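# Per-entry structural report
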Amino acid sequence: MISREQRTPFSEWWWTIDRVLLVALIALMLAGVILSLAASPPVATRIGLDPFHFFNRHVLFLAPSLIVLIGVSFLSPRQIRRTALIVFAVSIVLIVATLMFGPEVKGSRRWITLLGLNIQASEVAKPSFVVLAAWLFSEAARRPEMPATSMSMALLLTLVALLVMEPDFGQTMLVLMVWGALFFIAGMRIVWVFGLAGVAAGGLFAAYLFVPHVAGRIKRFMNPASGDTFQVDMASEAFSNGGWFGLGPGEGIAKRSLPDSHTDFVFAVAGEEFGIILCLALLALFTFIVLRTLSRAYKSDDMFARFAASGLAILFGIQAAINMSVNLQLIPAKGMTLPFISYGGSSMVSLAYGVGMMLALTRQRPKTEVNAIGAAPGYA
């Protein structure tokens, strides 16, 4: 047992952290291990690897992810801001390096190899960008004379421009949606939100007109007969096969043919082997994590913590919603991982970094500490 009277960093962390939220996140990670074991062996076998290659790597990625999650959750809001600034700057440098030296895969440059590891820098850039945007919006609310909103928009345009150059329109839309939500939460006029939504819609229409890859996915979504819809069709078949209670662990049929059953379409494997019941349980778990974080953020007296935790929760929730919607054929196909469920080292570590900051920002800090942080010069 850990006594409240103990004044160690761990005891203070333990009694101020949202333990219910932490348990929910660990439960999600454990679900990811089970579903990786169910979905990844057929993919590895098809490409000539050991059947448990992706599963072993998925478990291996959990170790640094947990270290990052727990370590970041110890940070103070000021440390989170400073760390996010460094992480974002490094991510931008890595994205530029990826555009210059990364290999081209299916018409995109999204990965770069460093020290034998494949890194997708855009994944790491997302949570740090959200924190910096929240910081600037909180500064704009505290000091209206400071051009913080313009600075936030400059950061947004920088990141969006680099993502479009890769190109990665899915991540671009995700970043735009989260930034727009933060813009609204920060109390900006609704007309600006609709204006920005219009600009985003115009950008998507331009991508449809001038980027064949984007146009092809939208056309296949609107008219499946216009192109190859094999993966989404197999995903739909998987949900149909599974019914309410599933075919049973290891009994899935669709995963034997789905090229991305361990990444983009792991939710469909869950539906086929464990049934709609498990899918609804996963949906409830994601919903609980998002709403729990938003609820804790709303109670915070620190404006930065409120904005940043809300933005990170929205980022987490929208990414999950996009992946599940693609599996259910509700939106055009987009390669985006299901948080902590899909295979992917860069995604898992960056998500751990994001939820670690969520846990840190929703800790129950004494009001005197919050006031001291808010009154600090430069709020840095």
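Computed from a predicted model, the values in this text were never measured in an experiment.

### A look at helix α2 (residues 19–46)
For α2, which comprises 28 residues, the first-to-last C-alpha distance of 41 Å matches the rise-based estimate of 40 Å (1.5 Å per residue) to within 8%. Of all the bends in α2, the greatest reaches close to 40° and is centred on Ser40; the proline Pro41 follows between one and four positions later. Its side-chain oxygen at 3.3 Å from the backbone nitrogen of Val20, Asp18 defines the N-terminal cap of α2. Trailing α2 by a residue or two, Gly48 shows a phi angle of about 80°, which is positive.

### Observations concerning the packing of α2 against helix α3 (residues 53–73)
At their nearest, the axes of α2 and α3 sit 8 Å apart, and the two run at 160° to each other. In terms of orientation, α2 lies roughly antiparallel with respect to α3. When the axes of α2 and α3 are compared, the crossing they make is right-handed. Contacts between α2 and α3 involve Leu22, Met29, Gly32, Val33, Ser36, Leu37, Ser40, Val43 and Ala44 on the former and, on the latter, His53, Phe54, Phe55, His58, Val59, Leu62, Leu66, Leu69 and Ile70. Looking at the contact of α2 with α3, its residues break down into 13 nonpolar, 5 polar and no charged.

### Comments concerning the packing of aromatic side chains
The full count for this structure, using the stated rule, is 11 aromatic pairs. An angle of 45° between the planes, with centres 5.7 Å apart, marks the rings of Phe286 and Phe316 as tilted. With Phe286 in helix α11 (residues 266–298) and Phe316 in helix α12 (residues 303–327), the pair connects residues that are 30 residues apart, well separated along the chain. The burial state of Phe286 is the same as that of Phe316; both residues are buried. Here the aromatic cluster, defined as three or more aromatic residues joined through ring pairs, consists of Trp13, Trp14 and Phe74. A cation over an aromatic ring shows up here: Arg19 above the ring of Trp14, its NZ or CZ 5.2 Å from the ring centre. Over the face of the ring belonging to Phe304 we find Arg81, whose NZ or CZ atom lies 4.7 Å from the ring centre.

### As for the nonpolar core
In this structure, Leu28, Leu159, Ile289, Phe316, Phe340 and Ile341 are the most contacted members of the largest nonpolar core, which totals 101 residues. With 14 residues, the top contributor of residues to this core is α12.

### Regarding the pattern of salt bridges
Inspection of every chain in the model, using the stated rule, returns 7 salt bridges. One salt bridge connects Arg292 with Asp18, and the closest N-O pair in it is separated by 2.8 Å. Taken together, the residues Arg292 in helix α11 and Asp18 in the loop between α1 (9–16) and α2 connect sequence positions 274 residues apart. According to the relative accessible area criterion, Asp18 is buried, its value standing at 2%. Connected via shared salt-bridge partners are Asp18, Arg292 and Arg296.

### What about the side chain of Ser350?
As for its placement among the helices and strands, Ser350 is situated in helix α13 (residues 345–361). In this structure Ser350 comes out as buried when scored by relative accessible area, which is 4%. Once you skip the residues sitting within four places of it in the chain, Ser350 turns out to touch Glu123, Val124 and Pro127.

### With respect to empty space enclosed by the protein
Counted under the stated rule, the structure contains 1 cavity of 30 Å³ or more. Volume-wise, the largest cavity comes out at about 90 Å³. Glu123, Lys126, Pro127, Leu312, Leu315, Phe316, Gln319, Ser350, Leu351, Gly354, Val355 and Met358 are the residues that line the largest cavity. Considering every element that reaches the lining of the largest cavity, the biggest residue donor is α13, with 5 residues.

### Notes on a nonpolar patch on the surface
On the surface, Phe184, Ile185, Ile190, Val191 and Phe194 cluster together into a nonpolar patch covering about 490 Å² of accessible area. Listed by contribution, the elements that provide at least two residues to the nonpolar patch are α7 (169–185) and α8 (190–210). For the nonpolar patch, the element with the most residues is α8, which contributes 3 residues. Its location among the elements puts Val191 in helix α8.

### Focus on the environment of Met177
Structurally, Met177 can be placed in helix α7. With a relative accessible area of 37%, Met177 lands in the partly exposed category. Distance from Met177 to Ile318, taken between C-alpha atoms, is 8.5 Å for residues 141 residues apart in sequence. If we skip the residues at most four places from it in the chain, Met177 touches Ile318 and Ile322.

Each value, and the rule that gives it
- Residues numbered from 1 in each chain as written.
- Predicted model: local features only at pLDDT ≥ 70, side-chain atom pairs only at ≥ 80, totals over all residues.
- Heavy atoms only, no water.
- Helix = DSSP H or I, 4+ residues; strand = E, 2+ residues; numbered from the N terminus.
- Expected span 1.5 Å × (residues − 1).
- Bend = angle between axes of the 7 residues up to and from the residue.
- Polar contact = N/O pair within 3.5 Å; in protein donor to acceptor, adjacent residues only side chain to side chain.
- Axes fitted to C-alpha atoms, helices over the stretch in contact; angles between N-to-C directions.
- Parallel < 35°, antiparallel > 145°, perpendicular 65-115°, else oblique.
- Left-handed = near helix turned anticlockwise from the far one by under 90°.
- Contact = heavy atoms within 4.5 Å.
- Nonpolar A, V, L, I, M, F, W, Y, C, P; charged D, E, K, R; others polar.
- Phe/Tyr/Trp six-rings, centres within 6.5 Å; stacked < 30°, edge-to-face > 60°.
- Buried < 20%, exposed > 50% of the residue type's maximum accessible area, 1.4 Å probe, protein only.
- Lys NZ or Arg CZ within 6 Å of the ring centre and 35° of its normal.
- Core = buried A, V, L, I, M, F, W, Y, C linked by side-chain atoms within 4.5 Å.
- Salt bridge = Lys/Arg side-chain N within 4 Å of Asp/Glu carboxyl O.
- 1 Å grid on protein atoms, 1.4 Å probe; cavity = no way out; pocket = protein on both sides within 12 Å on 5 of 7 lines; lining within 4 Å.
- Points joined across faces, edges and corners; volume = space filled by probe spheres on them.
- Patch = residues over 30% accessible without salt bridge, like charges linked within 9 Å, V, L, I, M, F, W, Y side chains within 5 Å.
- Areas by Shrake-Rupley, 256 points an atom, 1.4 Å probe, with all protein chains shown as cover.

Taken by themselves, the reported measurements are silent on function.
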